[in-house]
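Overview (structure and organization)
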Amino acid sequence: MVKKVFTIDTLPGVQRDGTIFDMNFYTDARWVRFQRGRPRKVGGYRAIVSNALGYSRGIYVNSVDGVNSVFNGYNNGLEVVNINNLGIGSGVNQFTFTGLILTLNTLVGGTTYVNGTYTNVTLTGGSGSGAKATIVVAGTVVTTVTLTKPGNGYVVGNTLSATAASIGGTGSGFSIKVATINDGFTESDLNLWQFDSTFDAQGSGNQLLLAHPGRNLAQIDQTTVTPVLAGNINGTVLSPLTDTSGTTPTGDVIEVAGGVVVLHPYVFVYGDNGLIKNCVAGNPFDWNGPDSNEVNVASTKIVKGLPVRGGSNAPSGLFWALDSLIRVSYSPTTITVASVPQTFYWRYDIISSQSSILSSQCVIEYDGIYYWIGVDRFLLYNGVVKEIKNTFNQNYFFDNLNYAQQQKVFVNKVPRFGEIWWFFPSGNSEECNDCIIYNVREDCWYDAGEALGARRTAGYFSQVFHYPINAGATLSEQEVIFTASIATTNASAVITIAPNNLVAVGQQVVSASVPSGALVTLITPNAAAPTATGTSGASTIVVSSATGVVLNQSVVGTGIGVGAVVTIIAGTTITLSVVNSGAVSGAMSFSGLSLTLSANATATLIETANFETVAGQVILWQHEIGTDEVINEEANAIESYFQTSDLGFVAGGPAQTSPVGDNFWLNLERVEPDFIQQGEMTFQVTGRPYAQSADVTSDPYVFDPDTGKIDMRQQRREIRLIFKSNVQGGDYQMGKVLLTVTLGDSRPYGS
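The notes below deal with the structure included here.

**So, the pattern of salt bridges**
Under the defined criterion, the tally for this structure stands at 18 salt bridges. Two residues, Glu669 and Arg713, come together in a salt bridge whose shortest N-O distance is 3.5 Å. Remark: Arg713 occurs in strand E63 (residues 710-716) and Glu669 occurs in strand E58 (residues 666-672); sequence separation between them is 44 residues. Look at Glu669 and you get buried, because its relative accessible area is 12%. Through salt bridges with shared partners, a single network forms among Arg688, Asp695, Glu718 and Arg720.

In structure tokens form, the structure reads like this:
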């Protein structure tokens, strides 16, 4: 029998739609991408932090001076993680929400003020500014304070006052507290965050973070309005964005149902009934100047806005309504009406009124072209709205999408490999558990194969920080990591333990004298090295100096029993947890850890404590790094495999694309691997006699980077090959794999 040598000619992409026999593309894959037309493993991912609070509902990254600030919005707040360009940082910091004063209480009237009624008095003190009041002084004390301007940036409990000069010129001691505020933020499982940033050229001179926690997670057409929040992008404080600058400020809070986007130097907000609204150039606190505007340009809600290259009409932006796409351009035009010139600054063009959008999180720009998912197809805008042809997995996506969770569909991109990733919840999953990928460069589609790395809830693409960031979809559970003896001091946040390699910042400490929910915030080694004396069999020693000796330190030295720790300190007499094994003499080594907790202890004790994980936390992942899943120092293999198209003679053979009518089995005798490879891989032969028969799959054949050939005798009428990597450090890029085959039997089994 004449042997023939073929190469695998399967085309790039993973086709999920249609029948397996009718495919010229790869028929199955997990955690695989395509480059130069060949499959290769997708990169690994590493945990940046493991204690982000709750499911992420929006991520934004700002980079300055080698520090990348990763902002993460979740149901009950906003947090930031500052990392360097390697993804190494200093932990999670929570934002504080400050706001406008609503009510005041706890008036202290002071003494020797001048009687009278004083209007427009500036209230001093507190964390904010801008609050004014009418103050009445009677009997030389302040008797009433009526708020006339709420200011901004205050927190409940702030103590306010006023200068004596503003209320008559004499007196002292007046104060009043902030009772309630409008901070613009409400904790809700429906919160879905949108972010951008802008430079405040007319006010603070700061780069501002703009954040909009819309109540939109359950319904894309939700009409509830919520404030846009703003604050110094280098800080951890946000307040409602207000119209408080310019010549005619209204003091209104800027609130919408849709979101926020910056078309530099303008801030735009958008929402119900086609609302699009913008501030004055360079001043996000002035919404009533000549070049500001407010208009309703569609009949349905605007859910997303992005900047677009405007050419001579810069700045420009695209705005997605539920049923249309609108382009907004800066185009000052002056017309004269009744001898009065009027200038109109903005042009609004309806690009399409027959469009749709699946999720407010599913739009992304890639090299000037905008890609998104409609309610029943994939779309792009490159000057006109067009459908993206997808014969690979369009049915796979829309037939499996959990439409009840459509607002959780989000998009990210990996420009390094020309990819756009749409993460989506499939089946009954309430969080994203798979993603489909459009490779712009290779012009093909594939998916993650429900890989663990596709279980994400939000993400941000690589820019200055050159790794994509995605948030995990698995909430942590409260579990005991280890148990240890701790020493607490009443009213102190510092506890001490013996040296322990398992303790880490963010762990929860559970014991009788530690308040519920207390977390480890800082770990500091402690040590001392005095000389000591003691007798054999005793449980005490006398040290030359007790300076630096603390409870729960481990003690090592001549005559000290194995495992000894400090249990009592009385002057220079130290009681240990075990008796001395011999006469104690010479220098001792005292060592341990001081742990700073997030709450003060309620008693002075030596007691046993559980160190536990905190429930409800997620991991922020740095993707496209290495080959494994890495959490702290633990590395786990990532499974990656792909399955070829049908290579049988009835399908045209391994190097042909159409049947030629040879009704024979294909007898596979040898495979010659050609991979850029790390670690062992396996391949299996699978196939069937007829298109609708069950597959028969061989045992795995193992090969490593040095394997030249693999001999076998495997026959199938319709035959496919499965290649897999599932070892720690495993990686591969496929080249031109050779197959040695002969004609097999002409009568299939089962005939």
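**Side note on the nonpolar core**
In this structure, Trp422, Leu668 and Phe723 are the most contacted members of the largest nonpolar core, which totals 83 residues. No other element matches strand E38 (residues 419-424), which puts five residues into this core. If we ignore the near neighbours within four places in the chain, the residues touching Phe723 are Ile8, Ser640, Tyr641, Phe642, Phe675, Met681, Thr682, Phe683, Phe703 and Val737. One finds Phe71, Val80, Phe195 and Ala211 within the second-largest nonpolar core, a separate group that totals 30 residues.

**Details of the sheet that holds strand E15 (residues 129-138)**
Read across the open sheet, the three strands follow the order E14-E15-E16; overall the sheet is antiparallel. On the outer flanks of this sheet lie strand E14 (116-122) and strand E16 (141-152), each paired with one strand and no other. Between one strand axis and the next, the sheet turns through 15° on average, direction left out of account. Pairing of E14 with E15 involves five bridges; the strand directions are antiparallel. Each bridged residue has a counterpart across the sheet, and for Thr117 the counterpart in E15 is Val136.

**Describing the pairing of strand E26 (residues 266-270)**
When you tally the buried positions in E26, you get five out of five residues, the bulk of the element. Burial along E26 is two-sided: Tyr266, Phe268 and Tyr270 facing one way and Val267 and Val269 facing the other are all buried. For strand E25 (residues 259-263) and E26, the ladder comprises five bridges, and the chain directions are antiparallel. Looking at E26, one finds that Val260 is bridged to Val269. Linking two consecutive strands that pair antiparallel, namely E25 and E26, is a turn of two residues. Alignment of E26 against strand E27 (residues 275-278), held across three bridges, turns out to be antiparallel. Paired with Val269 across the strands is Lys277, a residue of E27.

Quick notes on the rules
- Residues numbered from 1 in each chain as written.
- Predicted model: local features only at pLDDT ≥ 70, side-chain atom pairs only at ≥ 80, totals over all residues.
- Heavy atoms only, no water.
- Salt bridge = Lys/Arg side-chain N within 4 Å of Asp/Glu carboxyl O.
- Helix = DSSP H or I, 4+ residues; strand = E, 2+ residues; numbered from the N terminus.
- Buried < 20%, exposed > 50% of the residue type's maximum accessible area, 1.4 Å probe, protein only.
- Core = buried A, V, L, I, M, F, W, Y, C linked by side-chain atoms within 4.5 Å.
- Contact = heavy atoms within 4.5 Å.
- Pairing = 2+ DSSP bridges.
- Axes fitted to C-alpha atoms, helices over the stretch in contact; angles between N-to-C directions.

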